[in-house]
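Residues per chain, in single letters:
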Amino acid sequence: MRKEVVVAAVATVSTVVVAGVLLVRWKKRDERRWKQTQWMLRKFANDCATPVPKLWHVAFDLVSNMQTSLSDQSQSDYVMLPSSSLPYGTEEGLYYGVNLHENYFLMMRARLRGKHEPITDLDREEVEIPSEVISGTYKKLFDYIALKLAVFISINTKTNPITPKGKMGFTVSFPLHEGPAAAGGNVIRWKSFSVNEAAGKELAKDFNAALEKHGIDLRVSALVDATLGDLAGGRYYNRDCVAAVTLGLATNAVYVESSQFVPNGDKNKFGEMVIDMQWGNFNTPHLPITQFDMALDSESSNPGFRIFEKLIGGRYLGEVVRRVLLKMANETALFGETVPAKLKTPYILRSPDIATMHQDTSENRDAVQEKLMEVFGITCTSLAVREIVAEVCDVVAERGARLAGACIVGIMKKCGRINDKKSVVIIEGGLYEHYRVFRNLLHSSIWEMLGGALADNVIVEHAHGGSGAGAIFVAAAHSQIHHDSDNQSLSLPRNGKNDRRGDFKVGHVNDDDDQMDLLGWKDDQSDSASWKESDQIESTAETSDQSDSSDGDDDGVGDGDGLKNKI
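Position labels on residues start from 1 in each chain and follow its written sequence. The model is predicted, so local features are restricted to residues of pLDDT at least 70 and side-chain atom pairs to those at 80 or more, both for listing and for counting; the totals for chains, interfaces and linings are taken over all residues. Each side-chain value is worked out from all heavy atoms of the structure, with water and hydrogens disregarded.

Section: the nonpolar core
To be explicit about the condition: Side-chain atoms within 4.5 Å are what join buried Ala, Val, Leu, Ile, Met, Phe, Trp, Tyr and Cys residues into a set we call a nonpolar core. Exposed residues in this analysis have more than 50% of their type's maximum accessible area, buried residues have under 20%, and partly exposed residues fall in between, with area computed by a 1.4 Å probe over protein chains only. Secondary structure elements are defined from DSSP: runs of H or I of at least 4 residues count as helices, runs of E of at least 2 residues count as strands, and each element is numbered from the N terminus. Note on definitions: a residue-residue contact is assigned when non-hydrogen atoms from the two residues lie within 4.5 Å.
Trp279, Phe335 and Ile411 are the most contacted members of the largest nonpolar core, which totals 85 residues. No other element matches helix α12 (residues 383–414), which puts 17 residues into this core. When neighbours within four sequence positions are excluded, Ile411 is seen to be in contact with Leu62, Met66, Ala243, Ala253, Tyr255, Met277 and Trp279.

Given below as structure tokens:
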């Protein structure tokens, strides 16, 4: 009996010792894993770093790229457009516009009353494109748009009867590089193409035929990139507006260049040409590209192309974050011994998701946990893990925003407008409009590069009229009719859904209470991401909007015709 007790005691002691040894080993293992996680985060942050000297290298490389592209257009993605694409600011009247996205389009009608007055009488309707139309020919798409436009016009002429004659604006919110022949006539393949002038006019002929078929007395001069429409809106109100940038799921920039620097440039009375840069294709060895970016590029549908867009475009920010988290999960068990299955799904994490996690300043990072559960099915994490996730989002967003700011400075440098000229840059897109911290980081990068003495010469404004409204200003630029025929009406089909009047405030971004707007962002470049309607997240950014003076005081955000931020 005594022997059995001794054996049992020895066994118990042995079990306790073994358990203690295992606990020590598990603790040491967890410590090693956590140190490895922190090391991976530090390395990733270092690889993505964008100190001011690097930003200037990127800016100067962009200037060199611009000079080369203008001198040798055969080797360039740049699209040269006459300055007649821009309005004078004196156009008045009621104008129509269409803004085409990859699987939906916007129809708009608005009244312009001159450069000192905001857009009024704004009617706007969004229409989803059926899958059978997307998979069909572009002529079938045009016919579908014209049909819906006829209904849209007939409904709105009941409250404000006019005969819509003259020019109509048509902007495209995804790249169109060549004409429809190169695309085989298939709509869905347009997204791999840039709207050059010849292609835009060729497509316009077919759209005009569809308009005529449905009895619409409007004509389109050309299909143009939506970023040009934003520039047109900025130029309508201010002759010092010299550039426009799209920062949404995709990205692009358009600016005004002196004709003397453009071979065979348009010799108009202003001596200007509009340059569509397609800056998503910009690349330089000074870009902070990581192993995650290289893997993303190699697995993309266009490896080696649109490198800059893959660093700053909203379509890719969430994917980079996902890849970093997946590597941490695989190598350091960040989310437990089993890697969450959904974490392996490409492009499941969207820009609105990382904005929510990035801007979560609650004590326990509750929004981060909610998004991890919603997107990846991760049910439980520690606060330390949630902090790591938020830090990864911060690193990716900061890199993208600061690179965008650097290239804006590069455009101003090329135009010679930094030292002694005020310049207005129009920015449109969900990243800029809805992602407050991203917007603030972009502003601060410009200020850091230029310093207080010169920063006031670069003024950043949100696009007039909101997403897609640039088509209205393109219509004004192309129109030869400056007076409405208010007493006439147009006989058109009387069926269809009512328009959605007053969907958005003109040029307004709510920053007054430092909250992020998450109400239905249907981005200007694609339908694949949207800001879901949710509770607004109270947050305070580490980087604030820059002021009108060099001392860095907050200038606030206006509630009127547009958002103006002097950097």
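Here's the deal with the environment of Ala401
Examined against the element boundaries, Ala401 turns out to sit in helix α12. Taking the C-alpha atoms as reference points, Ala401 and Arg439, 38 residues apart in sequence, are found 7.1 Å from one another.

So, the pairing of strand β11 (residues 458–462)
Across the 5 residues that make up β11, a large majority, 5, are buried. In β11, alternate side chains face the same way, and those of Val458, Val460 and His462 on one face and Ile459 and Glu461 on the other are all buried.

Digging into the packing of helix α10 (residues 351–358) against helix α11 (residues 366–376)
Convention followed: All axes here are fitted lines through C-alpha atoms, helices being fitted over the stretch that makes contact, and every angle between N-to-C directions spans 0 to 180 degrees. Reported orientations rely on four angle classes, namely roughly parallel under 35 degrees, roughly antiparallel over 145, roughly perpendicular from 65 to 115, and oblique for the rest. Crossing chirality is assigned from the near helix's rotation relative to the far helix, an anticlockwise turn below a right angle marking it left-handed and a clockwise turn marking it right-handed. Nonpolar residues are Ala, Val, Leu, Ile, Met, Phe, Trp, Tyr, Cys and Pro. Charged residues are Asp, Glu, Lys and Arg, and all others, Gly as well, are polar.
Where α10 contacts α11, the two axes come as close as 8 Å, and the packing angle between them is 155°. Relative to α11, α10 is oriented roughly antiparallel. Handedness of the α10/α11 crossing: left-handed. Of the residues in α11, those touching α10 at Asp353, Thr356 and Met357 are Ala367, Val368, Lys371, Leu372, Glu374 and Val375. In terms of residue class, the contact of α10 with α11 is built from 5 nonpolar, 1 polar and 3 charged.

Focus on the pattern of salt bridges
Formally: For this document, the term salt bridge refers to a Lys or Arg side-chain nitrogen within 4 Å of an Asp or Glu carboxyl oxygen.
Counted by the stated rule, this structure contains 24 salt bridges. Among the ionic pairs, Asp240 bridges to Arg417, the shortest N-O distance being 3.6 Å. Here Arg417 lies in the loop between α12 and β10 (423–428) and Asp240 lies in the loop between α6 (226–237) and β7 (241–247), a separation of 177 residues in the sequence. What makes Arg417 buried here is its relative accessible area of 14%. Close ionic contact of Glu299 with Arg323 constitutes a salt bridge, the shortest N to O distance being 2.8 Å. Taken together, the residues span a long stretch of sequence, with Glu299 in the loop between α7 (291–298) and α8 (307–312) and Arg323 in helix α9 (residues 314–332) at a distance of 24 residues. The class of Glu299 is exposed, set by a relative accessible area of 56%. Within the structure, one salt-bridge network assembled from shared partners comprises Glu299, Glu319, Arg322 and Arg323.

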